[in-house]
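The chain contents come next:
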Amino acid sequence: MSAPILSISGLRVKMGAQEILHGLDLACGKGEIVAVLGANGAGKTTLMRTISGVYRAGAGAIRFEGEDIANARSHDIVRKGLLQAPEGRQIFSNMTVRENLVLGGGALRGAEMDRVLELFPQLRDRLSQIAGSLSGGEQQMLCIGRALMQRPRMLLLDEPSLGLAPKIVQLIFNLVTRIREQGVSILIVEQNARAALKVADHAAVMEGGRIGLSGRASELASDPRVVELYLGGHA
Amino acid sequence: MDFYLQQLAIGLSVGMTYALIAIGFTLIFGVLNVVNFAHGEVYTIGAFAGLLVVTTFAPPLLAVLLAVLAVGAFVGVGLERLAFRPFRRFSDEASLKSRAMRESTLMSSLALSIIAREALEIAFGSRFQSVPVAAMINQPIALGPVTITNGDLIILGVAALMLIGLQYVLRHTQVGLSIRAVSNNPLGAKYVGVDVDRTIVWTFAVGSMLGAVAGVLVGFYYGAIFANMGFTPGVKAFVAMVMGGLSSIPGAVVCALLLGVCESLSTAFVSSVWSDMVAYGFLIVTLIFFPRGIFGGARERV
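Residues numbered from 1 in each chain as written. Chains lettered and ligands numbered in written order. Predicted model: local features only at pLDDT ≥ 70, side-chain atom pairs only at ≥ 80, totals over all residues. Heavy atoms only, no water.

**Some details on the overall build of chain A**
When you go through chain A residue by residue, the secondary structure sums to 10 helices and 10 strands. The C-alpha radius of gyration computed for chain A amounts to 17 Å, which stays within 12% of the reference 18 Å derived for 235 residues, consistent with globular compactness. In terms of its C-alpha atoms, chain A occupies a principal-axis envelope of roughly 45 × 40 × 35 Å. The buried share of chain A, reckoned over its 235 residues, is 56%. (Helix = DSSP H or I, 4+ residues; strand = E, 2+ residues; numbered from the N terminus. Rg over C-alpha atoms; globule rule 2.2 N^0.38 Å. Buried < 20%, exposed > 50% of the residue type's maximum accessible area, 1.4 Å probe, protein only.)

**Points about the sheet that holds strand 6 (residues 82–85) of chain A**
All names here are of chain A. Here we have six strands laid out as an open sheet, ordered 6-7-8-3-9-10, and mixed in their pairing. Edge positions in the open sheet fall to strand 6 and strand 10 (210–216), since each of these has one partner strand only. Neighbour to neighbour, the strand axes of the sheet diverge by 20° on average, direction disregarded. Strand direction decides the pairing type here: strand 3 (residues 33–38) and strand 8 (residues 185–189), joined by four bridges, are parallel. If you follow Ala35 over to strand 8, its bridge partner there is Ile188. Across the sheet, helix 1 (residues 44–51) is in contact with strand 3, strand 6, strand 7 (154–158), strand 8 and strand 9 (202–207); its angle to strand 7 comes to roughly 150°. Sheet strands touched by helix 7 (residues 166–181): strand 3, strand 7 and strand 8. Its angle to strand 8, the strand with the most contacts, is close to 155°. (Pairing = 2+ DSSP bridges. Axes fitted to C-alpha atoms, helices over the stretch in contact; angles between N-to-C directions. Contact = heavy atoms within 4.5 Å.)

**What about the environment of Leu11(A)?**
Residue and element names in this part refer to chain A. Relative to the helices and strands, Leu11 resides in strand 1 (residues 4–15). The exposure class assigned to Leu11 is buried, which follows from its relative accessible area of 0%. C-alpha separation for the pair Leu11 and Leu175, spaced 164 residues apart in sequence, amounts to 30 Å. With residues up to four places along the chain from it excluded, the contact list for Leu11 reads Leu21, His22, Gly23, Leu24, Leu47, Thr50, Ala57, Ala59, Gly60 and Ile62.

**Details of the interface of chain A and chain B**
Taken together, the contact between chain A and chain B spans 26 residues of the former and 19 residues of the latter. When chain A packs against chain B, close to 2,100 Å² is buried across both sides, 53% of that on carbon and sulfur atoms. Three residues stand out in chain A for area buried against chain B, namely Phe92(A), Asn94(A) and Leu103(A), and they jointly supply 27% of the buried area on that side. On inspection of chain A and its partner chain B, the count reaches one salt bridge. A salt bridge links Glu99(A) to Arg180(B), with the nearest nitrogen and oxygen atoms 2.8 Å apart. Applying the counting rule to chain A against chain B returns seven residue pairs in polar contact (both at pLDDT 80 or more). Only helix 2 (74–79), strand 6 and helix 3 (97–105) of chain A provide two or more residues apiece to the side of chain A that touches chain B. Looking at the side of chain A that touches chain B residue by residue, the class counts come to nine nonpolar, 11 polar and six charged. (Buried area = accessible area lost by both parts, 1.4 Å probe. Salt bridge = Lys/Arg side-chain N within 4 Å of Asp/Glu carboxyl O. Polar contact = N/O pair within 3.5 Å; in protein donor to acceptor, adjacent residues only side chain to side chain. Nonpolar A, V, L, I, M, F, W, Y, C, P; charged D, E, K, R; others polar.)

**Side note on the sheet that holds strand 5 (residues 67–68) of chain A**
Residues and elements named next belong to chain A. Spatially, four strands are ordered 2-1-4-5 in an open sheet, and the strand pairing comes out antiparallel. Every interior strand has two partners, whereas the edge strands, strand 2 (18–29) and strand 5, have only one. Direction of pairing for strand 1 relative to strand 4 (residues 59–64): antiparallel, over a ladder of five bridges. Bridging from a neighbouring strand, Ile8 pairs with Ile62 of strand 4.

**Remarks on the packing of aromatic side chains**
Residues and elements named next belong to chain B. All chains considered together, the criterion is met by seven aromatic pairs over all chains. On the numbers, 4.6 Å between centres and 25° between planes, the contact of Phe128 with Phe226 is stacked. You can see Phe128 sitting in the loop between helix 5 (99–124) and strand 1 (129–130) and its partner Phe226 sitting in the loop between strand 4 (224–225) and helix 10 (231–243), a full 98 residues away along the chain. Ring centres of Tyr221 and Tyr222 lie 4.9 Å apart, and the angle between their planes is 80°; this geometry places the pair in the edge-to-face category. Classification of Tyr221 as buried rests on a relative accessible area of 12%. Classification of Tyr222 by relative accessible area gives exposed; the value is 54%. Among the aromatic residues, ring-to-ring pairing joins Phe25, Phe37 and Phe238 into one connected group. (Phe/Tyr/Trp six-rings, centres within 6.5 Å; stacked < 30°, edge-to-face > 60°.)

**Here's the deal with the pairing of strand 8 of chain A**
Residue and element names in this part refer to chain A. Buried residues dominate strand 8, accounting for five of its five residues. Side chains Ser185, Leu187 and Val189 of strand 8 all project onto a buried face; the interleaved residues Ile186 and Ile188 project onto the opposite face, where all are buried too. In this region the chain leaves strand 7, passes through helix 7 and returns to the parallel neighbour strand 8; the handedness of that crossover is right-handed. (Right-handed = clockwise from strand over helix to strand, strands pointing away.)

**Looking at the packing of helix 7 (residues 174–184) of chain B against helix 9 (residues 196–222) of chain B**
Residues and elements named next belong to chain B. Contact geometry for helix 7 and helix 9: axes closest at 9 Å, N-to-C directions at 105°. The angle between helix 7 and helix 9 places the two elements in the roughly perpendicular class. Contacts between helix 7 and helix 9 involve Val175, Ser178, Ile179 and Val182 from the first element and Val196, Thr199, Trp202 and Thr203 from the second. Of the residues contributing to the contact of helix 7 with helix 9, the split by class is five nonpolar, three polar and no charged. (Parallel < 35°, antiparallel > 145°, perpendicular 65-115°, else oblique.)

**Points about the side chain of Asp152(B)**
Residues and elements named next belong to chain B. Structurally, the position occupied by Asp152 is in helix 6 (residues 150–172). One buried charged residue, Asp152, forms no salt bridge at all, with the nearest opposite charge on Lys236 at 15 Å. Within polar-contact distance, the side chain of Asp152 engages the side chain of Ser13 at 2.9 Å. Setting aside residues up to four positions removed in sequence, Asp152 forms contacts with Ile10, Ser13 and Tyr221. (Lys, Arg positive; Asp, Glu negative; His and termini not counted.)

Now the structure itself:
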C-alpha cells in the first residue's frame, strides 16, 4: 500500500452507553480505492460519520494527511479536503440542483460546476429542478457531485448503490473509477460486495465494530469466508 | 366604499409589519424547530433604539433605519448566545431539533423576554415615550377620496424592500443558502461543510433585523413607544406564522397581510377594541381546519 492518506487507529465510538466501534484500525493509501464490507449493524456508517466529524470519537486517532482530525468540527474536515457522500444521500430536497451544487462549492463554485457536470451530464438539464424530484440514481449523482464541488483529496462513499437499479449501480461504480483517475482517494462502504470488490484496490471486512479480514480486493474476492458471507457462495 | 379603500391601505401596511415580525419567527423555526418567545422584545428594542437615535442625533429616517438594523442584528446574536446556544450541546439533527431543546429554549427565550421588558421599564418607565413630532411618519396624504399617511407608504415600501432583500440573500448568498440548507437538512449541511452553529447565529441576526425595523416603523407611525409594545404584534405575527405553515416564508407573508387587512376592515363592523379578536379567530380556525397551516401542505421550509 502506498503512503496512507487516511489512517485510523484504535478508534472507539460510543452511542449513549453502547460502544459501537471497539478499537478499529484502517488505512487508505493515496490514490487508492478501499472498500469496507460488512453486514448491517457492523458499524460501517458509524465509522463514516465519525470520520466526517458528525459523531464523536471516544478514543483513537483519525489521521488525514498526517493530521489528527478525530473530533474536529465537520466543516473544518470538509475544508481540509475530506468529503463524504453520506448514507441516505442527505441532499437538500427542497432546493434546486444548482443550489445543492453551489452549497457544496463554497468559494470555488463556478470553476468546479463545469468539471462536475462533465462527470454527471444527466444533471446539466436539471439544474433548476428541485432536488427532491430527481430519481434515486440522479439524487446519488447529485450527492457525489456536491462533494466533488469542493475539490476533495479524498472522498468517502457510504452505500452509494443502496436502492438503485443494477444498471444505475454499474454507472455509479464506473464513475467511482473515473473520480479516482482524477487523483481522488476513495473509501467506500458497500453492501454490494461484488461491485465494490471489482473497483477496489484494497478491502476490509467489518464485523462487530472491528476490522475482521483485510487485504487486496482481488484476494478477498476469492477468500472462501468472504465468498460465503458476502458474495452468495460462488465467486 | 372610500372607507373600505382607506382601511385596506392601512391594513396592508399593518400587515407588512406583521410580516416582518413573522419572518423572524419563521426563519428561526425553520432552522431550529423552536419558537423564539423573545422575538416581540426584539421589536420593542428596535423601537427604543430608533427613539434614542432620533432624540440624540435627529438624523434622517434612513439613518435611523440603518442604525436599528445594526441594533437588531446585535440583539439577535446576543439572544442566540444567551437563550439558545447554552442548550445546544450536540449539533446532530436529532438533538438540534429535539423536544428537550424545544422546551428548554422556549422557557429560556421567555425568561429573556421578561428580563428585557422589565429592564426597559426600569430604564424608561412604564409610560409611553413620545416620538418627537418631526420624526413621526404620519403626515396625511390625500389619494383621491382616500387619505393615508406617508407612514403607510414608508412602511409598505421599506417592508417590501426588506422582503425582496431577504429573498435575494436566501437565494444568492452563501449565508442565505446555508440558512436554507440547515433548515432543509442539518445533517446534509454538515457534509457540505456548512458551519451549522454560525448559520444559526446568522439566522437570529437576520430575523431580528427584520423584527427590529418593524418595531421602529410602527413606533414612529403611532408616535408612542413603550416596554410592552412588542406583545400584541408578536402574537399576531405568531398567528401569521402558524397560518402560513410554520416554516414557509411566503405563507407567513401572505397570512400576515391577510390578517392586517381583515383586522383593519373589521373596524367597519365592530369597535376597534374587538379587532384583536380577528387574529385569535384566525388562529382557532387554522388549528381546527388546517393543522399544518393554510400553506403548510407541502411542508416546504424557508
